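Listed here are the chains, written in short residue letters.
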Amino acid sequence: MTTNGDEAPASKYVTLISADGFEFVVLREATLISPTIKGMLRSPFAESKTGRCEFPEINADVLDKVVEYFLYWHKNVDKPNVPDMDIPPEICLQLLQAADFLGLDKQSS
């Protein structure tokens, strides 16, 4: 675990907060697939000190699916023949927008 400056070691978990106020406690290591979240947590800003990242543009249904993806990716990153995740069609556009914002469209693995 790394430290944030002169503070205590960073927590193993971070909290992602949706536009509608839902909080998702997620394994820090799993969230670091997102360049946006990685930047937030490794910056001199409040997110790196508190371990809480707010996303006023992402609602809870979409952030829930993003968190599911983080954990799915973290669990299966080195496994062959991993089945696709189920994505509800009604959130596809919002999920694409969230993936773009979080930098997930730039991942090669």
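Chains are numbered independently. Their residues run from 1 in the order of the written sequence. Two thresholds apply to this predicted model, a pLDDT of at least 70 for residue-level local features and 80 or more for giving and counting side-chain atom pairs, whereas whole-chain, interface and lining totals are computed over all residues. Side-chain numbers come from the whole structure's heavy atoms, not from hydrogens or water.

Comments concerning the overall build of the protein
- Only DSSP runs of H or I covering at least 4 residues are called helices, and only runs of E covering at least 2 are called strands; the numbering of each starts at the N terminus. For the protein, the count of helices and strands is 5 helices and 3 strands.
- Reading the secondary structure of the protein in the N-to-C direction produces β-β-α-α-α-β-α-α.
- Any two residues having at least one pair of non-hydrogen atoms within 4.5 Å are treated as being in contact. A separation threshold of at least 6 residues defines the contact pool for the protein, and within that pool the share at least 24 residues apart is 55%.
- Here the Shrake-Rupley method, with its probe set to 1.4 Å, supplies the accessible areas, and only the displayed protein chains count as covering residues. When the accessible area of the protein is evaluated, it comes to approximately 6900 Å², of which 54% is carbon and sulfur surface.

Digging into the nonpolar core
- Counting residues in hydrophobic clusters, the biggest one holds 27 residues, and the most contacted among them are Leu16, Phe55, Val66, Phe70 and Leu102.
- Put simply, the parts of the chain that give this core at least two residues each are strand 1 (13-17), strand 2 (23-27), helix 2 (35-41), helix 4 (60-76) and helix 5 (92-102).
- Examining the composition of this core, we find that 7 residues originate from one element, helix 4, more than from any other. Grouping buried Ala, Val, Leu, Ile, Met, Phe, Trp, Tyr and Cys residues that are joined through side-chain atoms within 4.5 Å yields what is termed a nonpolar core. The rule is simple: take the accessible area with a 1.4 Å probe, protein chains only, and divide by the maximum for that residue type; under 20% is buried, over 50% is exposed, in between is partly exposed.

Considering the environment of Ser48
- Its location among the elements puts Ser48 in helix 3 (residues 46-50).
- With a relative accessible area of 4%, Ser48 lands in the buried category.
- Sequence spacing of Ser48 and Lys38 is 10 residues, and the spatial spacing of their C-alpha atoms is 9.3 Å.
- Nitrogen and oxygen atoms within 3.5 Å of one another constitute a polar contact, given that in protein one can donate a hydrogen and the other can accept it, and given that sequence-neighbouring residues count only through two side-chain atoms. Of the polar contacts made by the side chain of Ser48, one reaches the backbone oxygen of Ser43; its length is 2.5 Å.

Description of unusual backbone geometry
- Residues other than glycine seldom take positive phi values, yet Asn81 does so here, at roughly 55 degrees.
- As for its position among the elements, Asn81 is in the loop between helix 4 and helix 5.

A look at the packing of aromatic side chains
- Here is the rule: rings of Phe, Tyr and Trp (six-membered ring for Trp) pair when centre to centre is within 6.5 Å. Planes less than 30 degrees apart are stacked, more than 60 are edge-to-face, and the remainder are tilted. The final tally for this structure, using the stated rule, is 1 aromatic pair.
- Relative to Phe101, the ring of Phe55 has its centre 6.3 Å away and its plane inclined at 85 degrees; by these criteria the two rings are edge-to-face. Here Phe55, found in the loop between strand 3 (52-54) and helix 4, pairs with Phe101, found in helix 5; they are 46 residues apart in sequence, far enough to count as distant.
- Since its relative accessible area comes to 1%, Phe55 is described here as buried.

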